[in-house]
Amino acid sequence: MCGIVAFVGTRAASPVLVEGLRKLEYRGYDSAGIAVHAGGEVAVVRAVGKLSNLDAALARTPLKGTVGIGHTRWATHGRPSEANAHPHVSGPVAVVHNGIIENHVALRHELEAAGVRFASDTDTEIVAHLVARALAAGSPSLEEAVASSLRLVTGAYAIAVISKTEPDVVVLAKDQSPLVLGIGDGELIAASDIPAILSTTRDVIFLEDGEMVVLRRTEKDGAFTFDARLRTVAGQPVVRPTKRIDWSPAQAEKGGFKHFMLKEIHEQPRAIEDTLRGRIDLAGGDVVSQELGLDDSVATSIDRVYFVACGTSAHAAMAGRYWVEALARVPSTVEIGSEVRYRDPVFTPRDLVIAVSQSGETSDTLAAVKAARAGGARVLAIANVLDSAIPRAADGAFYTHAGPEIGVASTKCFTTQLAALLLFAVWLGRRRGTLSPERAKFVLGALAHVPALMREALEDDASLRLLAKRHLKARDMLFLGRGIGFPIALEGALKVKEISYVHAEGYAAGEMKHGPIALIDDAMPVVVVCPRDDHFEKTASNLQEVRAREGQIIAVGTKGDEELASLVAKHDGDLVTVPACAPEVVHLVTVIPLQLLAYHMADLKGTDVDQPRNLAKTVTVE
Ligand code: G6P
């Protein structure tokens, strides 16, 4: 996830672009840059780190000019550095891009074979070279050069392109990444999201996938006119009326949601799509190896997979363990980062340690990674922040592409970790011969379907708010699950604790009788995660045991499961359902109602949802 802005006007573009980027910092902030038409040239200024560094660079090198593009980056391909910061330049062309070019490896090879020299490690630079090549080959306009280049590209993009050859034009296009156009009074602006536009105009047009827009300024007798022409990449004209946005700037920053956490819960389908993009070979029933950052030989040379993580990431790791055991048949274990640190753990060169971390900076997980490497183990990092400390300390890194997560309580990073871990387990199973291509195809197909199922589950937002209201007085809650339902129960309880400050415990359903059952009375809501899977019958019997002690049942089951519906109705419980899906992936979806329940409980209580008391997003201390 990155942010792009483009401006065509008569006032200085650079402050408008930087101001727009500031509003998009939630989309990325590891580097930023702008390119402006100035004095017949395209002038570029870029800086690593937060936007204040770009401000400082622009103070040293001010850019005059009234037409330009800008970018704030969240690295996905290529570490955060000035060379990898956008805009990327090729000949007369400068490009900014949000998204992931799936066929970047093949295109890069092709361009390099034709003598193109790359200045960065990014997938975006490919687009700059393609457009420059099309112009050099006689493309009649920047617009056509961009259109023909995009026909070669697969993946997700919102791009803005300028070229020295057309100083009054910006060409933008989008496919699967957001892009919104703002029609101002005597100026045009476009950006990844509305907040970047609001100080210029409230009249907007949302572009659809496969569409382009050409922003053009024309001078006649000293007066300027402005035109924004929509078309498809294929060349069909598009006509769409503007919409007036009446959100306040604060609302706009959160995409109209009340909190970042709620926005991020709703972003999960897109985050999963981005995490899977370019990594699944459905026809071959496999995971694209080069994306994993590990040599194939590692798969067959290990005797154990040892997961280390903290907090929510540890819950994802627990699910990873189930998948690795079931699909790849490798003995696996999960350890909390801090406990690895304070034991005297035994690692060997036949261990593969998987460090799971949203931030890639958590001190305890990093210490565990160092201990593992000291013991000769190989380490794979699963992280959301490119080139952060844990991936740097590891042998390989597999990134979740959730984009920055602002809410302290992790949501989209959790589910993208689950997706990454399932991909890893399939990769491992295929290489160890424990998973047939047919079964891998089935699992990967089910995973690819998860975003659609999540969208369906998210539609229940309003009924989960009602459910939260009904249980708002609870002082304690219990969450139960079996199999991967167990880490999901732990995660549901953690979400409630973190943001609504209600005491909540997650338990393996089978452990209920070994203690927590003593706590159950009529004041105790018990959330039971029991979708239709191999564990259903056993978990359903826990429901009856809860009810026998007068606990209030909240069952999370499968849509259309009549048996569960009548059981819950008989016991006066609440039923939350998720769409039916393959058992291998169902818990990427069962967690959604738990996140929403926790969110609404906290919001109804009026707590600081995005920054809960005493918690930090990244814990870099012991
Ligand atoms: C903090 C955050 C949690 C997170 C944990 C691990 O406690 O508040 O949301 O799960 O750290 O962080 P990591 O960045 O390693 O996933």
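Before any of the text, the structure's been laid out above.
Fair warning: this is a prediction, and the values are worked out from it, not measured in the lab. (Residues numbered from 1 in each chain as written. Predicted model: local features only at pLDDT ≥ 70, side-chain atom pairs only at ≥ 80, totals over all residues. Heavy atoms only, no water.)

## Considerations on the overall build of the protein
For the protein, the helix and strand inventory stands at 20 helices and 27 strands. Computed over C-alpha atoms, the radius of gyration of the protein comes to 26 Å, within 12% of the 25 Å expected from 2.2 N^0.38 for 622 residues, which places it in the range of a compact globule. Projecting the C-alpha coordinates of the protein onto the three principal axes gives extents of approximately 85 × 55 × 45 Å. By sequence separation, contacts in the protein at least 24 residues apart represent 71% of the contacts at least 6 residues apart. When the accessible surface of the protein is totalled, it reaches about 23100 Å², and 50% of it is carbon and sulfur. Of the charged side chains in the protein, 66 are positive and 76 negative; the average position of the first set lies 2 Å away from that of the second. (Helix = DSSP H or I, 4+ residues; strand = E, 2+ residues; numbered from the N terminus. Rg over C-alpha atoms; globule rule 2.2 N^0.38 Å. Contact = heavy atoms within 4.5 Å. Areas by Shrake-Rupley, 256 points an atom, 1.4 Å probe, with all protein chains shown as cover. Lys, Arg positive; Asp, Glu negative; His and termini not counted. Charge placed at Lys NZ, Arg CZ, Asp CG, Glu CD.)

## Re unusual backbone geometry
A cis geometry characterises the amide bond from His 86 onward to Pro 87, with omega recorded as -5°. With respect to the element layout, Pro 87 can be found in the loop between strand E4 (67-73) and strand E5 (88-90). A positive phi angle, near 60°, is found at Tyr 501, a position not held by glycine. A positive phi angle, close to 60°, is found at Asp 572, a residue other than glycine. Mapped onto the elements, Asp 572 comes out in the loop between helix H19 (562-570) and strand E27 (574-578). Overall, Asp 572 belongs to the exposed group, its relative accessible area being 65%. (Buried < 20%, exposed > 50% of the residue type's maximum accessible area, 1.4 Å probe, protein only.)

## Thoughts on the sheet that holds strand E9 (residues 180-183)
In space, the 8 strands of this open sheet follow the order E3-E2-E4-E1-E10-E9-E11-E15, with antiparallel pairing throughout. Bordering the open sheet on either side are strand E3 (41-48) and strand E15 (243-244), each of which pairs with just one other strand. Relative to strand E10 (residues 188-191), strand E1 (residues 3-8) runs antiparallel, the two being bridged by 4 bridges. Its bridge partner being in E10, Phe 7 is matched across the sheet by Ile 189. Across the sheet, helix H2 (residues 51-60) lies against strand E2 (31-38) and E3, angled at about 135° from E3, the strand it touches most. (Pairing = 2+ DSSP bridges. Axes fitted to C-alpha atoms, helices over the stretch in contact; angles between N-to-C directions.)

## Some details on the pattern of salt bridges
For the coordinates displayed, the defined rule picks out 39 salt bridges. Of the charged contacts, one joins Glu 112 and Arg 108 as a salt bridge, the two residues approaching to 3.4 Å between their closest N and O atoms. Of this pair, Glu 112 and Arg 108 both sit in helix H3 (residues 104-113), 4 residues apart, which is roughly one turn of that helix. A relative accessible area of 18% means that Arg 108 is categorised as buried. (Salt bridge = Lys/Arg side-chain N within 4 Å of Asp/Glu carboxyl O.)

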